[in-house]
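The lines below spell out each chain.
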Amino acid sequence: MPGKRSKPKLAVWKFASCDGCQLSLLDCEDELLALAGAVKIANFLEASSAVTPGPYDRSLVEGSITTPHDAERIQAVRKNSRFLVAIGACATAGGIQALRNFADVEEFTRIVYARPEYIQTLKHSTAIAEHVKVDFELRGCPISKGQLLEVVSAFLHKRKPNIPQHSVCLECKVRGTVCVMVAQGIPCLGPVTQAGCGAICPAYQRGCYGCFGPQENPNTVALSAWWTHLGVGEAAQLRAFRTYNAAAGAFSKEAARHV
Amino acid sequence: MSKRSVGQKINSLGTAQNEPQKPGIPNSKTIQVGNLARVEGEGALYVRVRDNQVEEVRLNIFEPPRFFEAFLRGRSFAEVPDITARICGICPVAYQMSSCQALEAALGLEVGGQLKALRRLLYCGEWIESHALHIYFLHLPDFLGYPDSVRLAQDQPELVKQALKLKKTGNELMTLLGGREIHPINVKVGGFYRVPRKAELQAMQDRLEQAREIAYQTVRFVGGLDFPDFEPDYTFVSLREEGAYPILQGRMVSNRGLDIPVAAFEQHFHEEQVAHSNALHATLEGQPYLVGPLARYSLNFDQLPASVQAAAHAAGLRPICRNPFQSIVVRAVETLYACEEALRIITAYEEPDAPSMPVVPKASSGAGCSEAPRGILYHHYQMDEQGLIAGARIVPPTSQNLRMIEDDLRQFVAAHLELPKPELTLRCEQTIRNYDPCISCATHFLRLTVEHVH
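Let me begin by describing the structure that accompanies this report. All figures in this text were calculated on a predicted structure; none of them were measured in a lab. (Residues numbered from 1 in each chain as written. Chains lettered and ligands numbered in written order. Predicted model: local features only at pLDDT ≥ 70, side-chain atom pairs only at ≥ 80, totals over all residues. Heavy atoms only, no water.)

A few words on the overall build of chain A. For chain A, the count of helices and strands is twelve helices and five strands. Taken over C-alpha atoms, the radius of gyration comes to 20 Å for chain A, in line with the 18 Å a tight globule of 259 residues would show. Counting only C-alpha atoms, chain A reaches 65 × 50 × 25 Å along its principal axes. In chain A, 71% of the contacts between residues at least 6 apart in sequence involve partners at least 24 apart. (Helix = DSSP H or I, 4+ residues; strand = E, 2+ residues; numbered from the N terminus. Rg over C-alpha atoms; globule rule 2.2 N^0.38 Å. Contact = heavy atoms within 4.5 Å.)

This is the structure we're talking about:
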């Protein structure tokens, strides 16, 4: 074995989430065994009971921070990780759980649980980067498998991941999808949403609903004026910006204009 | 007779650590197992043993509370299938189907014909994907003594490659009909945003036929595993769809005479909150009950096609299966069924005139239920005249099974107290994994604590 260097150690961590983003790794059916040959999967509880102690060369972190215990746990994960990648809308923006940030969590607890005193939870659902230094953020609810593989291979080849930050509109053009907003008057968040999904929704005759969060410097004000022109009311515009990436900068700001 | 020494902690790697004795509990013994892997979500297991009698079993759920029912208030009914999908990345279609059907029931809308067939086809994709994941990646390693399937692949690469191929076919079906496999975007109240052309579905035929063959081999293979002799007298609860194995809808039935419409669920089933868990525990007339593959299969064996019944029989299953360790065989049988059913739907498919039915909101309420891979998933909604959600209730399968998992563990630990520590621990973990528990849904790691009190 040339150099007999040990394989880099990959760890996957879960915070408040649906497990979908880490499932994306297992959904790479064609690449999974090759990936397992290139890295040592050192901590991935969804898939394996074998746990290797840290430090880890790369940690993929799924989910948002919503409990006092998790706020401590993420510090330990950071300490044990050379590179830390936040994967998915929960980890990069607090996810759908951030809807609590705009409401009374105690009331939420009373709605769902008969004995709210048993429940320990924080008032806000926050992104990983609000707690520790994050080396890379991969967007999406859920993340794209292709982009996940790109991030992992970039890491193996010690280069920067090639993740475009332009809007979904460009992906529609590449895919050859006629603009649903221009041609059919369907409200679409595509012009202000970061690409990455492959512009799936317009290809299925519906408007983008913003899973990947705001693109770089989005013109949300112009878009919402267009939506108003299409007959979308203020309340519906508020909900559109306040769903899966409610706490992400530009979406949060635009939503506030419609309260 | 216990070999466990006083005050010792065992983590998942089997290394012992010294643990101070708890004050006030003389001679207490504690075994602690680090992490329960290959389960969705987070949890821990606590077992207290007094004089060789199992006194208490508690499955603690650490998954943070996620408040979906509260988030839904004030949202448009049209957003509900997309929002509830986010409860679980492993079975989003189940959430989309139960929520659509509940809202359609509220509006007096019945989605039938090819639109209903397409929903069933999408659901078959989720069953294939989710069951293949559980059989090969979460459950099988227990039986073969591996920590995971990646390490299993080093010894048996062909087996794992076939498993990945099977799982991929389920995902491809979901991607074709739903736009993507995790949180599909094509489902709406009333139908779909876009329906596939016949040729698009026919393009799946070859792959589904290959998947059916792999599923058939899977049934044979897992039927030959060793199973502990363990057959609790379960109360099974599942849907029952006339003329079909239950996936999308049906009446709720049990092996103890229950036979009710979905709308009557809340009169018979109750959820309670327990201090040790963030998940709610459900009971039927005050008693624990079992949902999921074992219940579905045992209550609906007669609805399986003869070819699938024969495969089950050849794998050593009788028409009723009470051994939770054999759930791996039942999942394989259901995977085979899902492949057959998908092929049947594709052959019979004719493109509908419209991708969805017109939906006009009104002040109303309604319930819906479907068979998630892990068991019945119940949704109930109230909406106002503008179609904004005024109230939501979601009862996922894992919270219905939690009491049953605890009961299984109580019986299993009581019968196997003589087992050496690591073995007992592994068996407890396996007992939990039998249920394919999606703890993320019910509110991955489990800590087993066995406390011996004298």
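There is more to say after this.
All names here are of chain B. Reading across the sheet, the three strands line up as 13-14-15 and stay open at both edges, with antiparallel pairing between neighbours. Two strands close off the open sheet at either side, each with one partner strand: strand 13 (364-372) and strand 15 (389-395). The sheet shows a mean angle of 15 degrees between the axes of neighbouring strands, taken without regard to direction. Judged from the nine bridges that link them, strand 13 and strand 14 (residues 375-383) form a sheet pairing that is antiparallel. Within strand 14, the residue paired with Gly366 across the bridge is Tyr381. Along the sheet face, helix 3 (residues 92-106) touches strand 13, strand 14 and strand 15 and points at about 150 degrees away from the line of strand 13. (Pairing = 2+ DSSP bridges. Axes fitted to C-alpha atoms, helices over the stretch in contact; angles between N-to-C directions.)

What follows is about empty space enclosed by the protein. Space inside the second largest cavity adds up to approximately 160 Å³. Along the wall of the second largest cavity there are 22 residues; nearest its centre are Cys18, Cys21, Cys90 and Cys141 of chain A together with His183 of chain B. Ranked by residue count, the leading element in the lining of the second largest cavity is helix 4 (residues 89-93) of chain A, at three residues. Taken together, the residues of the lining of the second largest cavity sort by class into eleven nonpolar, seven polar and four charged. (1 Å grid on protein atoms, 1.4 Å probe; cavity = no way out; pocket = protein on both sides within 12 Å on 5 of 7 lines; lining within 4 Å. Points joined across faces, edges and corners; volume = space filled by probe spheres on them. Nonpolar A, V, L, I, M, F, W, Y, C, P; charged D, E, K, R; others polar.)

The subject of this paragraph is the packing of helix 13 (residues 397-415) of chain B against helix 14 (residues 421-433) of chain B. Residue and element names in this part refer to chain B. Two elements in contact, helix 13 and helix 14, have axes separated by 10 Å at closest approach and are oriented at 150 degrees. Between helix 13 and helix 14, the interaxial angle falls into the category roughly antiparallel. The two elements helix 13 and helix 14 meet at a crossing, and its hand is right-handed. Of the residues in helix 14, those touching helix 13 at Ile405, Asp408, Leu409, Phe412 and Val413 are Arg427, Cys428, Thr431 and Ile432. (Parallel < 35°, antiparallel > 145°, perpendicular 65-115°, else oblique. Left-handed = near helix turned anticlockwise from the far one by under 90°.)

Residue and element names in this part refer to chain B. Per the stated rule, a full pass over the model turns up 37 salt bridges over all chains. Put simply, Glu172 and Arg207 hold a salt bridge, and the shortest N to O gap is 3.2 Å. Taken as a pair, Glu172 in helix 6 (residues 157-178) and Arg207 in helix 8 (residues 205-223) lie far apart in primary sequence, 35 residues in all. Of the charged contacts, one joins Arg194 and Glu200 as a salt bridge, the two residues approaching to 3.0 Å between their closest N and O atoms. Here the salt bridges share partners, and the residues they tie into one network are Arg48, Arg50, Glu55 and Glu56. (Salt bridge = Lys/Arg side-chain N within 4 Å of Asp/Glu carboxyl O.)

Residue and element names in this part refer to chain B. Counting residues in hydrophobic clusters, the biggest one holds 160 residues, and the most contacted among them are Leu121, Tyr123, Phe137, Leu166, Tyr297, Tyr381 and Ile389. For this core, the leading source of residues is helix 4 (residues 113-144), giving 17 residues. In this view, Tyr297 contacts Tyr245, Leu304, Ala312, Leu317, Arg318, Pro319, Ile320, Cys321, Val330, Val333 and Glu334; residues no more than four positions away in its chain are not counted. (Core = buried A, V, L, I, M, F, W, Y, C linked by side-chain atoms within 4.5 Å. Buried < 20%, exposed > 50% of the residue type's maximum accessible area, 1.4 Å probe, protein only.)

Before going further, it helps to examine the sheet that holds strand 5 (residues 136-138) of chain A. Residue and element names in this part refer to chain A. Taken in spatial order, the five strands make up an open sheet running 2-1-3-4-5, and their pairing is parallel. On the outer flanks of this sheet lie strand 2 (40-44) and strand 5, each paired with one strand and no other. Taken pair by pair, the neighbouring strands of this sheet meet at an average axis angle of 25 degrees, ignoring direction. Bridging between strand 3 (residues 56-62) and strand 4 (residues 81-87) involves six bridges; their strand directions are parallel. Within strand 4, the residue paired with Leu60 across the bridge is Val85. The strands touched by helix 3 (residues 68-79) are strand 1 (9-14), strand 3 and strand 4; relative to strand 4, the strand with the most contacts, the crossing angle is about 130 degrees.

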